Amino acid sequence: MSERSRTPRRMADRGQLSLPLIEAALGVLVILAIAGGFALGVPHPNGSERQLDVYASDVATVLAAEAAAGNATVTVLGDGEAERRAFRAHLDAVLPANYMYRATTPWGTIGYPRPPGVAVGRATVPSVVGPITVEVWDA
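Because the structure is a prediction, the values reported are computed rather than measured. (Residues numbered from 1 in each chain as written. Predicted model: local features only at pLDDT ≥ 70, side-chain atom pairs only at ≥ 80, totals over all residues. Heavy atoms only, no water.)

Here's the deal with the nonpolar core
- Ranked by size, the top nonpolar core spans 21 residues in total, and within it Leu 63, Leu 91, Ala 103, Ile 132, Val 134 and Val 136 carry the most contacts.
- Sorting the residues of this core by element identifies helix H3 (47-69), helix H5 (81-94), strand S1 (99-105), strand S3 (120-125) and strand S4 (132-138) as the ones contributing at least two each.
- The dominant element in this core, judged by the number of residues it contributes, is H3, at eight residues.
- Setting aside its immediate chain neighbours within four residues, Ile 132 contacts Ala 60, Leu 63, Ala 64, Thr 104, Thr 105, Pro 106, Trp 107, Ala 123, Thr 124, Val 125 and Ser 127. (Core = buried A, V, L, I, M, F, W, Y, C linked by side-chain atoms within 4.5 Å. Buried < 20%, exposed > 50% of the residue type's maximum accessible area, 1.4 Å probe, protein only. Helix = DSSP H or I, 4+ residues; strand = E, 2+ residues; numbered from the N terminus. Contact = heavy atoms within 4.5 Å.)

What to know about helix H2 (residues 19-40)
- Over its 22 residues, H2 runs 32 Å from end to end, which matches the ideal 32 Å to within 8%, given 1.5 Å per residue.
- The element H2 is largely exposed, with a buried count of zero among its 22 residues.
- Gly 41 occupies a position one or two residues after H2 and carries a positive phi of about 75 degrees. (Expected span 1.5 Å × (residues − 1).)

Some details on the confidence of the model for the chain
- Looking at the chain, the pLDDT average stands at 78 and 76% of residues meet or exceed 70.
- Here helix H4 (residues 72-75) stands out as the least confident element of the chain, with mean pLDDT 55; S3 is the most confident, with 91. (pLDDT = per-residue confidence, 0-100.)

Notes on the pairing of S1
- The alternating pattern of S1 places Tyr 99, Tyr 101, Ala 103 and Thr 105 on a buried face, while none of Met 100, Arg 102 and Thr 104, on the opposite face, is buried.
- With six bridges connecting them, S1 and S4 associate as antiparallel partners. By the bridge assignment, Met 100 is partnered in S4 with Trp 137.
- The pairing of S1 with strand S2 (residues 108-111) spans four bridges and is antiparallel. Bridge pairing links Thr 105 to Gly 108 in S2.
- In this structure, the hairpin formed by S1 and S2 is closed by a connection of two residues. (Pairing = 2+ DSSP bridges.)

Focus on the sheet that holds S4
- Across the sheet, four strands lie side by side as S2-S1-S4-S3; this open sheet has antiparallel pairing. Two strands close off the open sheet at either side, each with one partner strand: S2 and S3. Direction aside, the axes of adjacent strands within the sheet are offset by 10 degrees on average. (Axes fitted to C-alpha atoms, helices over the stretch in contact; angles between N-to-C directions.)

Quick look at the pattern of salt bridges
- On inspection of all chains with the given rule, the structure shows two salt bridges.
- For Glu 135, the salt bridge identified is with Arg 114, shortest N-O distance 3.6 Å. Taken together, the residues span a long stretch of sequence, with Glu 135 in strand S4 and Arg 114 in the loop between S2 and S3 at a distance of 21 residues.
- Glu 135 sits in the buried class, given a relative accessible area of 14%.
- Residue Arg 122 is joined to Glu 135 by a salt bridge in which the shortest nitrogen-to-oxygen separation is 3.0 Å. Placement of Arg 122 in strand S3 and of Glu 135 in strand S4 is noted, with a sequence separation of 13 residues between them.
- Taken together, the shared-partner salt bridges in this structure form one network comprising Arg 114, Arg 122 and Glu 135. (Salt bridge = Lys/Arg side-chain N within 4 Å of Asp/Glu carboxyl O.)

Here it is as structure tokens:
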């Protein structure tokens, strides 16, 4: 046997990556993953139509609850412009700023004309005075 085969191999004879090199590679991967997350963003899990339905349901539920409580802003939707303005302001406060709506209540219809070809969320809820239907779309 040769002298070399009888002696144990020393660590320097084997090829190893240095620890700082491994740490640097992992650091680069973490930074790239974070940057990729910011660059690509997170997709909406349920789609925009589903979110519109949720907004419409929320608004309709709020209106039905306020009608049951006897809120005059909700239940008095006559021909007066002051009542219509108050009702619009109330709905504008419930929805995010970039959404438009059309609410059909037992007291009348208020809101904006729906443009053709847009995704619309709809919800109808019963109330003590009759059904309330709300349509919501992104402006």
